[in-house]
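Take a look at the letters that make up each chain.
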Amino acid sequence: MTARPPLAVLGAGTMGHGIAQVAAMAGYDTRLFDAMPEALETARERIEANLRKGIQRGKVTPEERDRALDGLSYSRYLGEAADGVGIAIEAVPEKLDLKQKILARCGEAAADRALLATNTSSLSITALAEGLPARDRVIGMHFFNPVHIMALVEIVRGAETSDETVAKAREVAERLGKTPIVIADSPGFASSRLGLALGLEAIRMVEEGVASPEDIDTAMMLGYRHPMGPLKLGDLVGLDVRLDIARYLHEALGSPVFEPPTLLERMVAAGRLGRKSGQGFYRWSEDE
Ligand code: NAD
């Protein structure tokens with residue numbers, strides 16, 4: 001059996017535990033780092049539960065589970081997790097200075113030409129790389145939640161990211177069983193920008209009385225084969241989260257497409273945030 005190449009995942013929350021799981025399943029010697037011991041414990045439990053469910057559904061064999069669990073280690077120390085790795089994927093909270101600090105420390109501990117990837121969903125890769133000695137090796141690898149199920153990875157190229165780094169990120173994404181797309185460092189990347197344009201227009205249509213939320217969602221599901229309509233999706237993501245992204249993209253891109261609709265502003269002000277508050281465009285019960 002060939003040796004497992006070492007890979008570090010920095011941050012063991014919602015995204016980090018999922019990235020670590022798919023990396024271990026793909027045969028990497030996966031080191032998962034988090035500053036909080038309880039986050040590491042929760043990550044371990046979530047990974048084991050995902051694998052258990054995978055076996056029950058016939059998607060994972062017991063051998064694949066054992067191989068994944070054998071390939072995973074957990075650490076509270078960044079230097080230990082990143083020591084000599086050729087690939088690091090950062091998934092700490094969405095704060096520029098924190099991510100820069102983690103990437104800089106990781107760059108010191110990792111192998112000389114290591115890939116330094118960030119799972120940021122909105123920050124500029126160029127800005128994140130600023131001040132780091134290894135700017136050409138910094139790249140976005142934007143995974144989707146839940147990572148073990150969602151097939152897309154947006155590979156985001158910063159102003160100084162090298163071709164070699166893009167090629168390596170693509171190769172890693174494919175080895176993890178994902179389909180990569182490569183995009184320039186631009187606000188909202190590809191998926192958030194397009195998804196939000198649709199979601200905001202759907203809200204404006206409700207506002208204008210064009211159709212009910214249910215009928216607008218049905219139009220996209222049956223007319224365009226979307227698995228879920230844009231209004232229900234907004235409820236699931238959280239309308240407050242959607243509003244924040246709309247404000248950010250409106251400012252960053254300057255396009256009226258992203259101007260937050262009045263109805264969205266009003267719903268958020270009234271605490272109608274979607275599933276998490278029990279009411280958005282739909283009514284949600286606790287077990288949904
Ligand atoms: P999360 O809050 O679930 O996890 C973040 C983890 O980072 C936590 O376990 C926390 O203990 C750890 N952490 C905090 N400070 C740390 C530090 N100084 N050193 C080490 N670990 C630290 O967050 P998440 O939802 O997994 O998001 C992580 C990143 O992924 C963010 O950049 C987010 O924008 C992006 N993202 C999130 C989603 C999503 O659906 N949640 C999707 C795509 C991308």
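*Asks:* It is not clear to me how the pairing of strand S1 (residues 6–10) should be interpreted in this structure. Could you clarify?
*Replies:* Regular strands place their side chains on alternate faces of the sheet. Counting buried residues in S1 gives four out of five residues, a clear majority hidden from the surface. Of the pairings in the sheet, the one linking S1 to strand S2 (residues 29–33) comprises five bridges and is parallel in character. Following the sheet pairing, Pro6 is matched in S2 by Asp29. Crossover handedness for the path S1 to helix H1 (residues 14–25) to S2: right-handed.

*Asks:* Just to check I follow, could you spell out the side chain of His17 for this structure?
*Replies:* Among the structural elements, His17 can be located in helix H1. Here His17 is in contact with Ala12, Leu32, Ala43, Arg46, Ile47 and Asn50, once residues within four sequence places are set aside.

*Asks:* Whenever I open this one, the packing of H1 against helix H2 (residues 37–56) confuses me. Can you help?
*Replies:* Axis angle and axis distance: for two packed helices, these are the angle between their axes and the distance between the axes, and together they describe the pair. In contact at an axis separation of 10 Å, H1 and H2 are set at 55 degrees when each is read in the N-to-C sense. Comparing their axes, H2 and H1 come out oblique. H2 is crossed by H1, and the crossing has right-handed handedness. Of H2, the residues touching H1 (which contributes Thr14, His17, Ala20, Gln21 and Met25) are Ala43, Arg46, Ile47, Asn50 and Leu51.

*Asks:* Even after reading the chapter, I still don't get the site of the ligand, so can you show me in this structure?
*Replies:* Of all residues adjacent to the ligand, which total 23 residues, the nearest are Met15, Asp34, Glu94, Lys99 and Ser121. Within the backbone of Met15, a nitrogen or oxygen atom sits 2.8 Å from an oxygen atom of the ligand. Val92 has a polar backbone atom sitting 3.4 Å from an oxygen atom of the ligand. Against a free-state accessible area of 820 Å², the protein chains account for coverage of 73% of the ligand. Assessed atom by atom at 2 Å from the grid points, the ligand resides in the largest pocket. Elements with a contribution of two residues or more to the shell around the ligand: H1 and helix H5 (96–109). Top element by residues in the shell around the ligand is H5. It accounts for three residues. Its residues assigned to classes, the shell around the ligand comprises twelve nonpolar, eight polar and three charged.

*Asks:* Teacher, can you tell me more about the packing of aromatic side chains here?
*Replies:* Aromatic rings considered in pairs are described by the distance between their centres and by the relative angle of their planes. Under the defined criterion, the tally for this structure stands at zero aromatic pairs. Cation over ring: Arg44 sits above Tyr74, and NZ or CZ is 4.4 Å from the ring centre. The ring of Tyr282 carries Lys232 above its face, with NZ or CZ at 5.0 Å from the centroid.

*Asks:* Explanation requested: the sheet that holds strand S3 (residues 72–75) in the structure shown.
*Replies:* Each strand in a sheet pairs with its neighbour through backbone hydrogen bonds, running either in the same direction (parallel) or in the opposite one (antiparallel). As summarised here, the arrangement of the eight strands in space is S3-S2-S1-S4-S5-S6-S7-S8, forming an open sheet in which the pairing is mixed. Looking at the sheet topology across the chains shown, the edges are occupied by S3 and strand S8 (179–184). For this sheet, the mean angle separating the axes of adjacent strands, direction not counted, is 25 degrees. Contacts from H1 reach S1, S2, S3 and strand S4 (87–90) within the one sheet, and its direction differs from that of S2 by about 170 degrees. Those strands touched by helix H7 (residues 163–175) are S4, strand S5 (115–118), strand S6 (138–142), strand S7 (152–157) and S8, and its axis lies near 30 degrees from that of S6.

*Asks:* Would you mind showing me how to read the environment of Glu201 here?
*Replies:* Mapped onto the secondary structure, Glu201 falls in helix H8 (residues 191–207). As for Glu201 and Leu231, which are separated by 30 residues in sequence, their C-alpha atoms are 9.9 Å apart.

*Asks:* Before we go on, may I ask you to explain the domain arrangement of the chain in this structure?
*Replies:* Frequently, the measure chosen for interface size is the accessible area removed from exposure when the parts meet. Looking at the assigned domains, one finds that the chain contains domain 1 (6–184) and domain 2 (192–277). Placing the centre of domain 1 and that of domain 2 at their C-alpha centroids yields a distance of 30 Å.

*Asks:* So what exactly am I meant to see when it comes to the pairing of S4 here?
*Replies:* Where burial is concerned, the two faces of S4 agree: the one with Ile87 and Ile89 and the one with Ala88 and Glu90 are both buried. As paired strands, S1 and S4 are joined by four bridges and run parallel to one another. Pairing of Val9 across the sheet is with Ile89, part of S4. For S4 and S5, the ladder comprises four bridges, and the chain directions are parallel. Bridging across to S5, Ile87 finds its partner in Leu115. For the segment spanning S4, H5 and S5, crossover handedness is right-handed.

The rules behind each value
Residues numbered from 1 in each chain as written. Predicted model: local features only at pLDDT ≥ 70, side-chain atom pairs only at ≥ 80, totals over all residues. Heavy atoms only, no water. Buried < 20%, exposed > 50% of the residue type's maximum accessible area, 1.4 Å probe, protein only. Helix = DSSP H or I, 4+ residues; strand = E, 2+ residues; numbered from the N terminus. Pairing = 2+ DSSP bridges. Right-handed = clockwise from strand over helix to strand, strands pointing away. Contact = heavy atoms within 4.5 Å. Axes fitted to C-alpha atoms, helices over the stretch in contact; angles between N-to-C directions. Parallel < 35°, antiparallel > 145°, perpendicular 65-115°, else oblique. Left-handed = near helix turned anticlockwise from the far one by under 90°. Near = heavy atom within 4 Å. Polar contact = N/O pair within 3.5 Å; in protein donor to acceptor, adjacent residues only side chain to side chain. Areas by Shrake-Rupley, 256 points an atom, 1.4 Å probe, with all protein chains shown as cover. 1 Å grid on protein atoms, 1.4 Å probe; cavity = no way out; pocket = protein on both sides within 12 Å on 5 of 7 lines; lining within 4 Å. Sits in = over half its atoms within 2 Å of the grid points. Nonpolar A, V, L, I, M, F, W, Y, C, P; charged D, E, K, R; others polar. Phe/Tyr/Trp six-rings, centres within 6.5 Å; stacked < 30°, edge-to-face > 60°. Lys NZ or Arg CZ within 6 Å of the ring centre and 35° of its normal. Domains from an automatic or database assignment.

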